[in-house]
Amino acid sequence: MLHASSGATVVDSGYGAHVPQTLSLIERAVAGKKLVRLVNTHCHSDHMGGNAAIQKKFGCRTSIPEGEAPLIDHWDEQALILAVADQRAERFRYDDTFRDGDTLEMGGYEWRVIAAPGHDPHAVMFHSPEARLLISGDALWESGFGVIFPQLFGRNTALAETRATLEAISRLQVDVVIPGHGRPFGEVGAALERAFYRLEGYEEDILRLARHCAKVMLSFSLMEKRSMPLADLPAYVARVPILAELNSRYLGMTPTAMAEWLAGELERAGAARRGRGLLWAAGS
Ligand SMILES: [Zn+2]
């Protein structure tokens, strides 16, 4: 949330499943003033899932990256990684778009729009040279970046794009990064080092990326559902297109083996636990 005398702007809207929490957070943050604008760094379900509800409640102007516009116009469930990943989001409208090189006014600062393809081909980030702040979306986190999809649905440029985006960040004057997930962080050089190291691991071994991608996609679904019957998991990994394609293209497991492997990996990572015949999201 970025405040200015002309009104507040919120960047990204979170998961559809978190809408009530998102609305009350925004309500508290605007504190009686006006939410004038909702801006998206990219249109994945965990960044635009609250768009429709925010529009309904606050009637704000909504702006999205230019590259996402045709996907939103046609509600392209594949390109938006919705049904293909067993994800959902309520359809929303947008009022205008912005693109690389544009300038946005948010929170009393001018922000330059910078293309940030990789995790999402149409993603952008926002940089304020004056405040030395970067709103990075999923292009850079304190530890890593948003999942990148190996060759999937015919697209195989994500690794090279991710490298170019990280290099673009390294050329910016930034003291603090406000990421799409996790707390704001400084020490941008160290975060970039971690991100490049991770990227190199994927570049050297695409299977590592495929395995990571499968784990992230299942833990995303699990976060939304809270729990899934273990007995249904083999059918689930065979049915959800993104998991099925990762398996047929890279992993080559039986659905039963893939389900067992994924449950074990999520448990090892502390993202899930098994009990009473269910796979539970951590914390539920
Ligand atoms: Zn994303």
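Let me begin by describing the structure that accompanies this report. (Residues numbered from 1 in each chain as written. Predicted model: local features only at pLDDT ≥ 70, side-chain atom pairs only at ≥ 80, totals over all residues. Heavy atoms only, no water.)

Regarding the overall build of the chain
Applicable threshold: The helix count covers DSSP runs of H or I at least four residues long, the strand count covers runs of E at least two residues long, and both are numbered beginning at the N terminus. For a compact globule the rule gives 2.2 Å times the number of residues to the power 0.38, and the radius of gyration it is set against comes from C-alpha atoms. Only protein chains enter the area calculation, which uses a 1.4 Å probe; residues under 20% of their type maximum are buried, those over 50% are exposed, and those in between are partly exposed.
Looking only at helices and strands, the chain has 10 helices and 12 strands in total. The C-alpha radius of gyration of the chain comes to 19 Å, within 12% of the 19 Å expected for a compact globule of 284 residues. Over its C-alpha atoms, taken along the principal directions, the chain stretches across nearly 55 × 40 × 35 Å. For the chain, the residues scored as buried account for 50% of the 284 residues in total.

A word on the coordination of the zinc ion
Quick reminder of the rule: Each metal's donors comprise the N, O and S atoms found within 2.8 Å of it (within 3.2 Å for Na, K or Ca). Water is not part of the atom list, so some coordination spheres may appear incomplete. Note on geometry labels: four donors, all angles 85 to 135 degrees, give tetrahedral; four donors become square planar and six octahedral when opposite donors are over 155 degrees apart and every other angle is between 65 and 115; remaining cases are irregular.
All of the protein donors around the zinc ion are His 42 (NE2), His 44 (ND1), His 119 (NE2) and Asp 138 (OD); their distances to the metal are 2.0 to 2.5 Å. Here the zinc ion binds 4 donor atoms, and the angle range of 84 to 170° at the metal identifies the geometry as irregular. One chain supplies every donor to the zinc ion, and in sequence these donors are spaced H-x1-H-x74-H-x18-D. Here His 44, found in the loop between β2 (35-39) and α2 (45-48), pairs with His 119, found in the loop between β6 (109-115) and β7 (124-128); they are 75 residues apart in sequence, far enough to count as distant. Side by side, His 44 and His 119 carry an identical accessibility label, which is buried.

A closer look at helix α7 (residues 206-225)
The condition that has to hold: Multiply 1.5 Å by the residue count of a helix minus one, and that product is the helix's expected span. Each polar contact in these results corresponds to two N or O atoms within 3.5 Å; when the atoms are within protein, one needs to be able to donate a hydrogen and the other to accept it, and residues that are neighboring in sequence are counted only if both atoms are side-chain atoms.
Here α7 is 20 residues long and its end C-alpha atoms lie 29 Å apart, about the 28 Å a rise of 1.5 Å per residue gives. Within the span of α7, buried status applies to Leu 209, Ala 210, His 212, Cys 213, Ala 214, Val 216, Met 217, Leu 218, Ser 219, Phe 220, Ser 221 and Leu 222. Two to three positions downstream of the cap, the backbone nitrogen of Leu 207 sits 3.1 Å from a side-chain oxygen, assigning the N-cap of α7 to Asp 205. Of the residues trailing α7, Arg 226 is marked for its positive phi of about 70°.

Quick look at the sheet that holds strand β9 (residues 176-179)
Applicable threshold: Here, a strand pair is defined by DSSP locating no fewer than two bridges between the strands. To define axes, lines are fitted to C-alpha atoms, for helices over the stretch in contact only, and angles between the resulting N-to-C directions are given on a 0 to 180 degree scale.
Read from one edge to the other, the open sheet built from 5 strands follows the order β5-β6-β7-β8-β9, with strand pairing classed as mixed. Edge positions in the sheet fall to β5 (103-106) and β9, since each has one partner strand and no second. Taken pair by pair, the neighbouring strands of this sheet meet at an average axis angle of 30°, ignoring direction. When β5 meets β6, the two strands line up antiparallel, connected through 4 bridges. Paired with Leu 104 across the two strands is Trp 111, which belongs to β6.

Re the pattern of salt bridges
So the rule is basically this: A pair is scored as a salt bridge if a Lys or Arg side-chain nitrogen falls within 4 Å of a carboxyl oxygen belonging to Asp or Glu.
Enumeration according to the criterion identifies 19 salt bridges in this entry. Close ionic contact of Glu 224 with Arg 88 constitutes a salt bridge, the shortest N to O distance being 3.5 Å. Remark: Arg 88 occurs in the loop between α4 (69-73) and β4 (96-98) and Glu 224 occurs in helix α7; sequence separation between them is 136 residues. Exposure remark for Glu 224: the relative accessible area of 25% places this residue in the partly exposed category. The shortest N-O distance in the salt bridge between Arg 132 and Asp 175 comes to 2.9 Å. In this pair, Arg 132 sits in the loop between β7 and β8 (133-137) while Asp 175 sits in the loop between α5 (158-170) and β9, placing the two residues 43 residues apart along the sequence. The partly exposed category is assigned to Asp 175, whose relative accessible area is 40%. Among the ionic contacts, a cluster of salt bridges with common partners joins Asp 86, Arg 88, Glu 224 and Lys 225.

This is a description of form; function is not addressed.
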